[in-house]
Amino acid sequence: MFRFLILRILQGILVLWLITVAVFALFFVVPSNVARTLAGRQATPRTIHLINHRLGLDQPILKQYWDFISKAFHGDLGYDYYHQIPVTHIMAQALPITLSLAIGAAVIWMALGVFNGVVSAIHPRSVADRSMTVFALFFYSMPSFFLGLMLLFFLYYKLTLAGYKWFPAGGYAPLSQGVGQWFLHMVLPWLTLALVLAATYTRLTRSSMLDVLGEDYIKTARSKGLNERRVTYRHALRSALTPVVTQFGIDLGQLIGGVVITETVFSLPGLGKTAIDAITQQDLPVIIGIVLFASACVVVANILVDLLYAFLDPRVRLS
Amino acid sequence: MALLEVDDLHVSFDTADGVVRAVRGVSFTVEPGQTLGIVGESGSGKSVATQSLTRLVAGAKITGSAMFDGLDLLHASQREMRRIRGRRIGMIFQDPLSSLHPCYTVGWQIIEMIRAHESVPRRRARQRAIELLDLVRIPNARARIDDFPHQFSGGMRQRVMIAMAMALNPALLIADEPTTALDVTVQAQVLKVMQDVQADTGTAIILITHDLGVIADVADEVVVMYAGQVMERARRREIFYQFHHPYTEGLLASLPGHGGTRDRLTPIPGNPPSLLAKLDPCPFVPRCPYVFDKCRREVPPLAPVHPDERHLSACWLEPDRALQFEWESSKFAQISSTAHR
Ligand SMILES: Nc1ncnc2c1ncn2[C@@H]1O[C@H](COP(=O)(O)OP(=O)(O)OP(=O)(O)O)[C@@H](O)[C@H]1O
Ligand SMILES: [Mg+2]
């Protein structure tokens, strides 16, 4: 168990290191025009040279990489090229937005997916089951940027035209402006991110539940005189959750892609949108900072999911 | 008064291939504290018949009557059934490896059983669970109560199942092939534990098996089932010494150490019929060595075999045929010994 943790953490660190190497390499394969953008059209070669010097871009790659790594070890991710704001500061500003989005969406998608899946499984081929299937297929086949645009079109544009201005077109309202405003700003992004995944989880939970409901120990549970609710949730769902949790661990990586798209569609200034902006401006320190952070999240989440997996299924030995 | 009285039980399933009539008019009684053995080959409807008594068979159409201690099981409400299951009727299933929940400790599962029916504090229930594990001879029960099922061997898991089924002193224990999935030596241990628990608590047992050897020592009465019907029903002594039905004879002959040559098994030739198709008046006709015209024309009633009113057989062969099979006691001793090997 302890060995397992150490091993996984070392593995994670290795992955993170490889990612920094990859991002650096990619950045220097593409010719940089950061200085040109900063200096403007009329800049003399001297100005450009000065800017490059100030940003450290005239150093050899390995030197630049070494500077980055040694600072990163002390929690200093450098400054962004354009405004000289510490990257950690930029990320700290964007993080609450992304967390609001990701956590809220994850809660919706898991709750919706698991609940729908259970309902479908306990009455297979019923009206409820069939409508869940239609729901799942509908959203399963829908790209999230399209779903986002559709939600905006109907729930913002059409509703506002009809005189109901419930949802904003986009942007973020921090919790300090009141829970209500925050919530209204987040609803459409949450749905965009959650519905597609909820559809997958409905199918997954349904089939997993159907498998488990045929197991002998479910008959044992009934033979003990337990009520159906207890049989369904304490006995069947308990086992059926194991593959769902595993899938959840896998999907956390995908979630990042979804976050980037959703934040862009709804102009939420979270980590995803910040990263996209940084990429178009070749703002290397910001790009690396965010990529590194996202990867670290995935690594940690995967370790947590493995631990959770062992906790859910006592037969699993961590080694 | 009988504890359980099953009369003309029919169970059928609607499937894509047609109606499967798995149980076709089965009647038997169980007296308090007694053991009823139900024997028959695989697919003869033993599990369906007994599990439909507690209404645990999904999608089954059940008719007939089953009176348990004054309550009609087949017409009781779901609520009433839940109060009966576990508290008054305990059940053990064939495969101990899959009938305990893999994610909960055995203690948790026994305590759940107790607390589902009695409002006792968790600590008292836990104490009772430890006593139960002791009763079924799980060594070091106090420590092992917090182990998960996969940390026990098959025989131990079946003993845990017995402990759980007996937790509330049910009046009836239905054990559906409790030893079939186990090694022969472990089989004997598990049977012994069941007998001891019965002696302790006075519970009645329905013991289902396809191996007559298993019930040779323990059953008070035996029901022989074939194709969803009762072929022969009698006290244990009659089934082993004075059987009447050719199917019973076939089952006996397939026991090891029987039919003359000691270690050669003589299985009944052929296979049980499909329960989808229409059967012969006597379902055993295609495999019966004694078959004659009447067997194909008329349904043999389950009638007393002369002169014993409690020995019933559904066969057209002459009633005193049973007496021709009086076996020496040495043969019977051999049958008993198979249960303990
Ligand atoms: N849910 C079901 N749907 C359709 N047919 C079923 C169903 N359950 C059982 N049957 C059929 O009923 C018949 C009797 O089955 P049952 O399980 O009672 O036999 P058994 O005597 O217990 O045999 P075994 O020794 O294999 O346990 C079998 O032919 C089986 O295919
Ligand atoms: Mg069976």
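Residues numbered from 1 in each chain as written. Chains lettered and ligands numbered in written order. Predicted model: local features only at pLDDT ≥ 70, side-chain atom pairs only at ≥ 80, totals over all residues. Heavy atoms only, no water.

*Asks:* Sorry, what's going on with the overall build of chain B here?
*Replies:* Each helix and strand counted, chain B has 13 helices and 12 strands in total. The globule rule puts the C-alpha radius of gyration for 341 residues at 20 Å, and the 21 Å found for chain B is close to it. With respect to the principal axes defined by its C-alpha atoms, chain B has extents near 65 × 45 × 40 Å. Residues counted as buried form 56% of the 341 residues belonging to chain B. When the accessible area of chain B is evaluated, it comes to approximately 14,600 Å², of which 50% is carbon and sulfur surface. Positive and negative side-chain charges in chain B, numbering 38 and 39 respectively, have mean positions lying 6 Å apart. (Helix = DSSP H or I, 4+ residues; strand = E, 2+ residues; numbered from the N terminus. Rg over C-alpha atoms; globule rule 2.2 N^0.38 Å. Buried < 20%, exposed > 50% of the residue type's maximum accessible area, 1.4 Å probe, protein only. Areas by Shrake-Rupley, 256 points an atom, 1.4 Å probe, with all protein chains shown as cover. Lys, Arg positive; Asp, Glu negative; His and termini not counted. Charge placed at Lys NZ, Arg CZ, Asp CG, Glu CD.)

*Asks:* Please explain the interface of chain B and chain A as it appears in this structure.
*Replies:* Interface size, as often reported, equals the accessible area lost upon joining of the parts. On the side of chain A, 19 residues touch chain B, which itself brings 26 residues to the contact. Of the roughly 2,100 Å² buried where chain B meets chain A, counting both sides, 59% is carbon and sulfur surface. Area buried by chain B at its contact with chain A is led by B:H101, B:C103 and B:E112, which between them contribute 24% of it. Here A:K224 and B:E112 are joined by a salt bridge, their closest N and O atoms 2.8 Å apart. (Contact = heavy atoms within 4.5 Å. Buried area = accessible area lost by both parts, 1.4 Å probe. Salt bridge = Lys/Arg side-chain N within 4 Å of Asp/Glu carboxyl O.)

*Asks:* Explain the sheet that holds strand β10 (residues 229–235) of chain B here, please?
*Replies:* In a beta sheet, neighbouring strands are held together by backbone hydrogen bonds and run either parallel or antiparallel to one another. Residue and element names in this part refer to chain B. Spatial strand order, β6-β7-β8-β3-β9-β10-β12-β11: 8 strands in an open sheet with mixed pairing. Unpaired on one side and paired on the other, β6 (89–92) and β11 (303–305) mark the two borders of the sheet. On average, adjacent strands in this sheet sit at an angle of 25° to one another, irrespective of strand direction. Direction of pairing for strand β7 (residues 172–176) relative to strand β8 (residues 204–209): parallel, over a ladder of 5 bridges. (Pairing = 2+ DSSP bridges. Axes fitted to C-alpha atoms, helices over the stretch in contact; angles between N-to-C directions.)

*Asks:* What's the story with the side chain of B:T209 in this structure? I'm lost.
*Replies:* All names here are of chain B. Among the structural elements, T209 can be located in strand β8. Taking the relative accessible area as the measure of exposure, T209 reaches 4% and is therefore buried. For T209, the side chain forms a polar contact with the main-chain nitrogen of D211, separated by 2.8 Å. With residues near it in sequence (within four places) discarded, T209 still touches I38, V39, G40, K46, E177, V214 and I215. (Polar contact = N/O pair within 3.5 Å; in protein donor to acceptor, adjacent residues only side chain to side chain.)

*Asks:* Is there a simple way to explain the confidence of the model for chain B in this structure?
*Replies:* Detailed reading of the predicted coordinates is not advisable wherever pLDDT is low. This prediction gives chain B a mean pLDDT of 89; 91% of its residues lie at or above 70. Interface confidence for the predicted complex, given as ipTM, is 0.88, next to a pTM of 0.85. (pLDDT = per-residue confidence, 0-100.)

*Asks:* Is there a simple way to explain helix α10 (residues 228–265) of chain A in this structure?
*Replies:* Within an α-helix, residues lying three or four positions from one another point in the same direction, as the helix has 3.6 residues per turn. Residue and element names in this part refer to chain A. For α10, spanning 38 residues, the distance from its first C-alpha to its last is only 44 Å, which falls clearly below the expected 56 Å at 1.5 Å a residue. Bending of α10 peaks at approximately 50° at the position of L237. Phi for S267, located one or two positions after α10, is positive at around 40°. (Expected span 1.5 Å × (residues − 1). Bend = angle between axes of the 7 residues up to and from the residue.)

*Asks:* Just to check I follow, could you spell out the pairing of strand β1 (residues 4–15) of chain B for this structure?
*Replies:* Two faces, one strand: in a regular strand the side chains alternate between the faces of the sheet. All names here are of chain B. For β1 and strand β2 (residues 18–30), the ladder comprises 10 bridges, and the chain directions are antiparallel. In the sheet register, L4 faces β2, and the bridge partner there is V30. Alignment of β1 against strand β4 (residues 60–68), held across 8 bridges, turns out to be antiparallel. Of the residues in β4, the one forming a bridge with D7 is S65.

*Asks:* Explanation requested: the domain arrangement of chain A in the structure shown.
*Replies:* Residues and elements named next belong to chain A. Here chain A is described as being made up of domain 1 (2–76) and domain 2 (89–312). Of note, the centres of domain 1 and domain 2, computed from C-alpha atoms alone, are 33 Å apart. Domain 1 puts 18 residues into the contact, and the matching count from domain 2 is 14 residues. Together, the buried faces of domain 1 and domain 2 total about 1,400 Å²; carbon and sulfur atoms form 81% of this surface. Of all residues in domain 1, R8, L16 and F27 bury the most surface against domain 2, accounting for 36% of the area lost on that side. Counting every contact that joins domain 1 to domain 2 gives 1 salt bridge. Across the pair D306 and R8 runs a salt bridge whose closest N-O atoms are separated by 2.1 Å. Across the contact surface, domain 1 and domain 2 share 1 residue pair in polar contact (both at pLDDT 80 or more). It is helix α1 (residues 2–29) that contributes the most residues to the side of domain 1 that touches domain 2, 12 residues altogether. Considering only residue class, the side of domain 1 that touches domain 2 consists of 13 nonpolar, 4 polar and 1 charged. (Domains from an automatic or database assignment. Nonpolar A, V, L, I, M, F, W, Y, C, P; charged D, E, K, R; others polar.)

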